[in-house]
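# Structural characterization, general
Single-letter residue listing:
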Amino acid sequence: MDTFRGFKGHQLHPVLEAPGSADLTADVDFCYLRKMAARRGVACLGPLPQSDFLKNMGIDTRMEVLLRRCQDRATRDQLLSSYRVLTHPDHMGQRFLFLCLLHQSRLATPPRSHGLKMEDKIPTPLPVAGFTELAVR
């Protein structure tokens, strides 16, 4: 069964009609995708529920800033409604998943330095945005 579909204005929308104007989605067999990626040496992170991914990307902090600056009640209500749709388990928060495919070297553990000696030209892999908890200090 074909699960590729488009949504526009919370309604089903033909995927090839007005490209770029609708959100596209499909059901994915993540177990199969992870297995095929691993066979080719590709690292996988996730799948992670959309709510977790967005929280790791800082959606809560962004909402606080937007709400603090918002003067208009209607805009405030729209922000809160949109946040709920994106993050709540009864809406998109648990229904949509994020999967990251990346080169194995991005997950490599850097060698430990000994004492004050610094290792030359060995960059520490950066965390993968959205797949690690956001730490605000």
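Description of the structure in this document.

Rules and cut-offs
- Throughout, residues of each chain are indexed from 1 in the direction in which the sequence is written.
- With the structure being a predicted model, the display of local features is reserved for residues of pLDDT at least 70 and the display and counting of side-chain atom pairs for 80 or more, all residues being used for whole-chain, interface and lining totals.
- Computation of side-chain values covers all heavy atoms of the structure but excludes hydrogens and water.
- The numbering of helices and of strands both runs from the N terminus, where a helix is a DSSP run of H or I of at least 4 residues and a strand a run of E of at least 2.
- Here a polar contact is taken to be a pair of N or O atoms separated by no more than 3.5 Å, where protein atoms must pair a possible hydrogen donor with a possible acceptor and residues adjacent in sequence count only if both atoms sit in side chains.
- Any two residues whose heavy atoms approach within 4.5 Å at even a single point are treated as in contact.
- Within 6.5 Å between ring centres, the rings of Phe, Tyr and Trp (the latter by its six-membered ring) count as paired, and their orientation is classed by plane angle as stacked under 30 degrees, edge-to-face over 60, tilted in between.
- With a 1.4 Å probe rolled over the protein chains alone, any residue whose accessible area is under 20% of its type maximum counts as buried; one over 50% counts as exposed, and the rest are partly exposed.
- In this context, the arc is that of the directions from the helix axis out to the C-beta atoms.
- For cavity detection a 1 Å grid was placed over the protein atoms alone, and a set of points counts as a cavity when a 1.4 Å probe fits there but cannot get out; an open set counts as a pocket when protein lies on both sides within 12 Å along at least five of seven lines, with lining residues being those that have an atom within 4 Å of a point.
- Grid points are joined across faces, edges and corners, and a volume is the space filled by probe spheres set on the points.
- Here the term charged refers only to Asp, Glu, Lys and Arg, the term nonpolar to Ala, Val, Leu, Ile, Met, Phe, Trp, Tyr, Cys and Pro, and the term polar to all other amino acids, Gly among them.
- The axes are straight lines fitted to the C-alpha atoms, using for helices just the contacting stretch, and the angles between their N-to-C directions are given from 0 to 180°.
- Every angle not falling under 35 degrees, over 145, or within 65 to 115 is termed oblique; those three ranges are roughly parallel, roughly antiparallel and roughly perpendicular.
- For patches, a residue must show more than 30% relative accessible area and have no salt bridge; joins then use 9 Å for like charges and 5 Å for nonpolar side chains, namely Val, Leu, Ile, Met, Phe, Trp and Tyr.
- The Shrake-Rupley method, run with a 1.4 Å probe sphere, supplies the accessible areas, and residue values consider only the shown protein chains as cover.
- We define a salt bridge as a side-chain nitrogen of Lys or Arg found within 4 Å of a carboxyl oxygen belonging to Asp or Glu.

### Section: the side chain of Thr87
- Looking at where Thr87 falls in the secondary structure, it is placed in helix α4 (residues 73-87).
- Of note is the side chain of Thr87, whose polar atom sits 2.7 Å from the backbone oxygen of Tyr83.
- Excluding residues within four positions of it along the chain, Thr87 makes contact with Ser51, Leu54, Ile59 and Gly93.

### So, the packing of aromatic side chains
- Under the defined criterion, the tally for this structure stands at 2 aromatic pairs.
- Between Phe53 and Phe98, the ring centres sit 3.9 Å apart and the planes meet at 10 degrees, which makes this aromatic pair stacked. With a gap of 45 residues between them, Phe53 in helix α2 (residues 50-56) and Phe98 in strand β5 (residues 97-103) connect regions that are remote in the sequence.
- Exposure remark for Phe53: the relative accessible area of 13% places this residue in the buried category.
- Since its relative accessible area comes to 27%, Phe98 is described here as partly exposed.
- Between Phe53 and Phe131, the aromatic rings sit 5.5 Å apart at their centres with planes inclined by 65 degrees, giving edge-to-face as the arrangement. A residue pair is termed long-range when its members are at least 10 positions apart, and Phe53 in helix α2 and Phe131 in the segment after β5 qualify at 78 residues.

### A few points about helix α1 (residues 30-39)
- Listing the buried residues of α1 in full gives Phe30, Met36 and Ala37. Along the long axis of α1, the arc covered by the buried residues comes to 130 degrees, so they all point the same way. In α1, the exposed positions angled more than 90 degrees off the buried face are occupied by Cys31, Ala38 and Arg39.
- For α1, the secondary structure elements touched by its buried residues are β4 (42-49) and β5.
- Of the residues that open α1, the one with a side-chain oxygen 3.3 Å from the backbone nitrogen of Cys31 is Asp29.
- Residue Gly41 follows α1 closely and has a positive phi angle near 75 degrees.

### Quick look at the layout of surface pockets
- In this structure, the largest pocket occupies an estimated 690 Å³ of space.
- Only β1 (5-8), β3 (23-25) and α4 provide two or more residues apiece to the lining of the largest pocket.
- Per element, the largest residue contribution to the lining of the largest pocket is 5 residues, and it comes from α4.
- Across the lining of the largest pocket, the residue classes tally to 10 nonpolar, 7 polar and 6 charged.

### Some remarks on the packing of helix α3 (residues 59-69) against α4
- The interhelical angle for the contact between α3 and α4, taken along N-to-C directions, is 170 degrees, at an axis separation of 10 Å. What the angle tells us is that α3 and α4 run roughly antiparallel. The residues of α4 that touch α3, namely those facing Ile59, Asp60, Met63, Leu66 and Leu67, are Arg76, Leu79, Leu80, Tyr83, Leu86 and Thr87.
- Split by residue class, the contact of α3 with α4 holds 8 nonpolar, 1 polar and 2 charged.

### A few points about a nonpolar patch on the surface
- A contiguous nonpolar surface patch, about 230 Å² in accessible area, is contributed by Val28, Leu33 and Leu101.
- Mapped onto the elements of the fold, Val28 is located in the loop between β3 and α1.

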